[in-house]
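Take a look at the letters that make up each chain.
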Number of protein chains: 2
Amino acid sequence: MSSPSISEICQFIKDDLDAVEKKLREKTASHYDFVDLAVQHVIEGGGKRLRPVLLVLSAKACGYDGEDAHTLAVVVELIHVASLVHDDVLDEAPIRRKRETLHSKWGNKVAVLVGDYLHARVLSMLVARHADDPAMSILSDATQAMCEGEVIHAYKNGDFNISQDDYLKIVGLKTGRLITASCMIGAILGTKDEKIIQALREYGEAVGAAFQIIDDLLDFVADQEKFGKQSFSDLREGKLTFPMIYTREVCTAEERTTLEQVFNADTEPDSAIEWIEALLRRYRTQAHCLGAAQVYADRAKSALAALPDTPAGRALQQLADYVVSRDW
Amino acid sequence: MSSPSISEICQFIKDDLDAVEKKLREKTASHYDFVDLAVQHVIEGGGKRLRPVLLVLSAKACGYDGEDAHTLAVVVELIHVASLVHDDVLDEAPIRRKRETLHSKWGNKVAVLVGDYLHARVLSMLVARHADDPAMSILSDATQAMCEGEVIHAYKNGDFNISQDDYLKIVGLKTGRLITASCMIGAILGTKDEKIIQALREYGEAVGAAFQIIDDLLDFVADQEKFGKQSFSDLREGKLTFPMIYTREVCTAEERTTLEQVFNADTEPDSAIEWIEALLRRYRTQAHCLGAAQVYADRAKSALAALPDTPAGRALQQLADYVVSRDW
């Protein structure tokens, strides 16, 4: 039986997600036509809205059902979208979420600056909140951690010998912290119970790790049409991600030498892609990644045991499995 | 008689400026060695610290002499430095403040991300403040305006026919708003008198315009060794700035056609630089820019008439003239 899709899981919070979409557009509107055009191009690009979904579900699972969850969902999504826009500049990705990326449409300058504009919007939404709101420090810490993770990752990009653990620590900063923040902020809207808040923190950390491992895997196996990105793009950019790190650890010394040559070559690795695909099959890399991601998904589900049984809590359970089974 | 230098003007607030430097380093420290190395490379690059100086002087001129001026001075300088780091990526500038720029030292990725890291630090410093602190909304508005100005400027970069007024509006967003915010925030620390706060707003706007006109001019006339940047770099990047916009408006139709060809050429304009230098001399462009900047400096000084006579107020007067007479 295949797992339900994210839209099936989220059917019962459709009104909330529509409200988040509306507010996303409102909060990013600019008086300046061109700024508005560029920003809406990114916002309307859509995506799974995983962080808003996690935030709204976490809030509901902790008994909160008000509008502030929508506002905070907008903030986390904007932080995420801003980082995507900058990532795409850095990666020179031509396509994201099935649309042309900003920098390929309007050039690097506009893309860097639109990312900065979104950060400015986050700043203004956050400073409008109460000073004692814990969401503010959680989000500013997460934003900082994301940047630190990105800087370290950019710097370590050329390190062929990074371990699975070190890699997961870096992506825990880059991707995990904002996902975790989304869950915690949702929780805090509904409860003061530290046990519950910590449970949703653990849930977020584990879901974040599972999400990243699958994201990395999909770059190697996904159908470009469905996933909305170029496949093998990480490899093309000389990025060593989880599947390759695992494969490098388990393959023979001779294979490792060839892999390192492909990885360090200045040319596009097109000619090597068949060889790499065979290597990944030989070491059952896909199964290893799915297994590793499922361990995290199971850890996420266990953490939820601390929560009362609610539709939102059950949706969070399903989301943990969805993150592993998704094909885009 | 030559005007006093910025360090002569600021001699009596040296202790404050030292405290700002110390806090700048503290607030940008990262647990991660490489992040720290890259960030400190930018911070220690120095610069005039014009925004901290304006903030501290504005505070003192309004009767405030406490530490919060140092904290806010750090915030405005970080917003400024973050925008410089991103500008340098966009402009591909090899040198800034006489040092290698981050992106030429460590690549574009690190530079974009260090800028983002500095923004994250600003976010965390701002969310730690009282919610009713007007500095928060002034700064978040200024940050947004800077981005909007940058996006519009990046988009309008190819517009050969931009007017002096439209140009000054864009740079009013890009440069002026943060300078104005620095003055207003300083004022608000010391006074609730709207007349005084508005006087420092007008002062900031006028100083910002004078500063930008001279900045643009220095790119054409400055000695590279002294100014710390490549000269004619704006022109090389196809950027039309104030001196060229003025010259384009006053020159003959024939000269305008040649100028447009140089401006639109894909090649470096080295061969055309002598011709442009002659054109600038013919139309006394330097004198026009100095005159235009002095009009703003005089407007800034007039605005200060609303303030009581204090050493800080007199230093603000001198700074307005310094902005026009500076040669770097």
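Throughout what follows, the structure given in this document is the object of discussion. (Residues numbered from 1 in each chain as written. Chains lettered and ligands numbered in written order. Predicted model: local features only at pLDDT ≥ 70, side-chain atom pairs only at ≥ 80, totals over all residues. Heavy atoms only, no water.)

Of regular secondary structure, chain A possesses 17 helices and 2 strands. Out of the 328 residues in chain A, the part that is buried amounts to 61%. Considering only residue pairs separated by 6 or more positions, chain A has 76% of its internal contacts joining residues 24 or more positions apart. A total accessible area of about 13,300 Å² is found for chain A, and carbon and sulfur atoms account for 48% of it. (Helix = DSSP H or I, 4+ residues; strand = E, 2+ residues; numbered from the N terminus. Buried < 20%, exposed > 50% of the residue type's maximum accessible area, 1.4 Å probe, protein only. Contact = heavy atoms within 4.5 Å. Areas by Shrake-Rupley, 256 points an atom, 1.4 Å probe, with all protein chains shown as cover.)

A separate point is the relation of the copies chain B and chain A. Between chain B and chain A, the superposition needs a rotation of 180 degrees and an axial shift of 0.0 Å, giving an RMSD of 0.0 Å. Given the turn and translation reported, the copies of this chain are related as if by a two-fold rotation axis. Mapped onto chain A, 100% of the interface residues of chain B are again interface residues, and the two copies thus contact each other with one and the same surface. (Least-squares fit on C-alpha atoms with pLDDT ≥ 70 in both.)

Glancing now at the packing of aromatic side chains. For any pair of aromatic rings, geometry is given as the distance between the ring centres together with the angle between the planes. Residues and elements named next belong to chain A. Evaluation of the coordinates by the stated rule reveals 2 aromatic pairs over all chains. Centre to centre, the rings of Phe160 and Phe263 are 5.5 Å apart; their planes meet at 40 degrees, and the pair counts as tilted. Residue Phe160 is located in the loop between α8 (134–156) and α9 (164–190), and its partner Phe263 is located in helix α14 (residues 253–264); the two are separated by 103 residues in the primary sequence. The pair formed by Phe160 and Phe263 is uniform in burial state, with each residue classed as buried. (Phe/Tyr/Trp six-rings, centres within 6.5 Å; stacked < 30°, edge-to-face > 60°.)

Moving on, we get to the side chain of A:His86. Considering the arrangement of structural elements, one finds A:His86 in helix α5 (residues 68–91). Within the local environment of A:His86, its side chain forms a polar contact with the side chain of B:Asp116, the two groups lying 2.7 Å apart. (Polar contact = N/O pair within 3.5 Å; in protein donor to acceptor, adjacent residues only side chain to side chain.)

Residues and elements named next belong to chain B. Position of Lys174 among the secondary structure elements: in helix α9 (residues 164–190). Judged by its relative accessible area of 17%, Lys174 is buried. Leave out the neighbours within four places in its chain, and Lys174 touches Met146, Gly149, Glu150 and His153.

Let us now look at the pattern of salt bridges. The tally for this structure, following the rule as stated, stands at 29 salt bridges over all chains. For A:Asp309, the salt bridge goes to A:Arg314, with nearest N and O atoms at 2.8 Å. One salt bridge connects B:Arg49 with B:Glu77, and the closest N-O pair in it is separated by 3.0 Å. On the criterion of sequence distance, the pair formed by B:Arg49 in the loop between α3 (33–43) and α4 (50–61) and B:Glu77 in helix α5 (residues 68–91) is long-range, its members being 28 residues apart. (Salt bridge = Lys/Arg side-chain N within 4 Å of Asp/Glu carboxyl O.)

The next point concerns unusual backbone geometry. Excluding glycine, a negative phi dihedral is what most residues carry, and trans is how most peptide bonds are arranged. Residues and elements named next belong to chain A. Despite not being glycine, Arg284 has its phi angle at roughly 50 degrees, a positive value. With respect to the secondary-structure elements, Arg284 resides in the loop between α15 (270–282) and α16 (285–303). For Arg284, a relative accessible area of 59% gives the class exposed.

With that settled, consider the interface of chain B and chain A. The interface of chain B with chain A comprises 40 residues on the first partner and 40 residues on the second. Contact between chain B and chain A buries roughly 3,900 Å² in total, counting both sides, with carbon and sulfur atoms accounting for 77%. Joining chain B to chain A, the criterion identifies 0 salt bridges. Counting across the interface, chain B meets chain A through 6 residue pairs in polar contact (both at pLDDT 80 or more). At the level of elements, α3, α5, α7 (108–127) and α8 (134–156) of chain B are the ones that each hand at least two residues to the side of chain B that touches chain A. Top contributing element to the side of chain B that touches chain A by residue count: α7(B), with 15 residues. Per-class residue counts for the side of chain B that touches chain A are 21 nonpolar, 12 polar and 7 charged. (Buried area = accessible area lost by both parts, 1.4 Å probe. Nonpolar A, V, L, I, M, F, W, Y, C, P; charged D, E, K, R; others polar.)

What follows covers the nonpolar core. For soluble globular proteins, the rule of thumb is that nonpolar side chains tend to be buried together. In terms of nonpolar packing, the biggest core is built from 236 residues, with A:Leu139, A:Leu200, A:Tyr203, A:Leu319, B:Leu139, B:Tyr203 and B:Leu319 touching the most fellow members. In contact with A:Leu200, not counting residues within four places along its chain, are A:Ser58, A:Cys62, A:Cys183, A:Ala187, A:Leu304, A:Leu307 and A:Leu316. (Core = buried A, V, L, I, M, F, W, Y, C linked by side-chain atoms within 4.5 Å.)

All names here are of chain B. Interaxial distance between α9 and helix α10 (residues 194–221) falls to 7 Å at its minimum, and their mutual angle equals 140 degrees. Judged by the angle between their axes, α9 and α10 are oblique. Our pair here, α9 against α10, has a crossing hand that is right-handed. Between α9, through Tyr167, Leu168, Val171, Thr175, Gly176, Ile179, Thr180, Cys183, Met184, Ala187 and Ile188, and α10, the contact on the second element is made entirely by Ile197, Leu200, Arg201, Tyr203, Gly204, Glu205, Val207, Gly208, Phe211, Gln212, Ile213 and Asp216. Split by residue class, the contact of α9 with α10 holds 14 nonpolar, 6 polar and 3 charged. (Axes fitted to C-alpha atoms, helices over the stretch in contact; angles between N-to-C directions. Parallel < 35°, antiparallel > 145°, perpendicular 65-115°, else oblique. Left-handed = near helix turned anticlockwise from the far one by under 90°.)

As a further point, take the environment of A:Tyr283. Residues and elements named next belong to chain A. In this structure, Tyr283 sits in the loop between α15 and α16. The sequence separation of Tyr283 and His41 amounts to 242 residues, and the corresponding C-alpha distance is 41 Å. With residues near it in sequence (within four places) discarded, Tyr283 still touches Tyr246, Thr247, Val250, Cys251, Thr252 and Glu255.

Looking now at helix α14 (residues 253–264) of chain B. What sets the pattern is the α-helix's 3.6 residues per turn: residues three or four places apart point alike. Residues and elements named next belong to chain B. Compared with the 16 Å implied by 1.5 Å per residue over 12 residues, the 16 Å span of α14 between its first and last C-alpha is a close match. Among all positions in α14, only Glu255, Leu259, Val262 and Phe263 are buried. Relative to the axis of α14, the buried residues are bounded by an arc of 95 degrees and lie together on one face. Exposed positions of α14 whose direction lies more than 90 degrees from the buried face are Ala253, Glu254 and Gln261. Where the residues of α14 are buried, they touch α13 (242–250) and α15 (270–282). (Expected span 1.5 Å × (residues − 1). Arc of directions from axis to C-beta.)

Residue and element names in this part refer to chain A. Accessibility expressed as a relative area gives 8% for Arg49, which makes it buried. At 2.5 Å, the side chain of Arg49 forms a polar contact with the side chain of Glu21. Only 3.0 Å separates the side chain of Arg49 from the side chain of Glu77, close enough to count as a polar contact.

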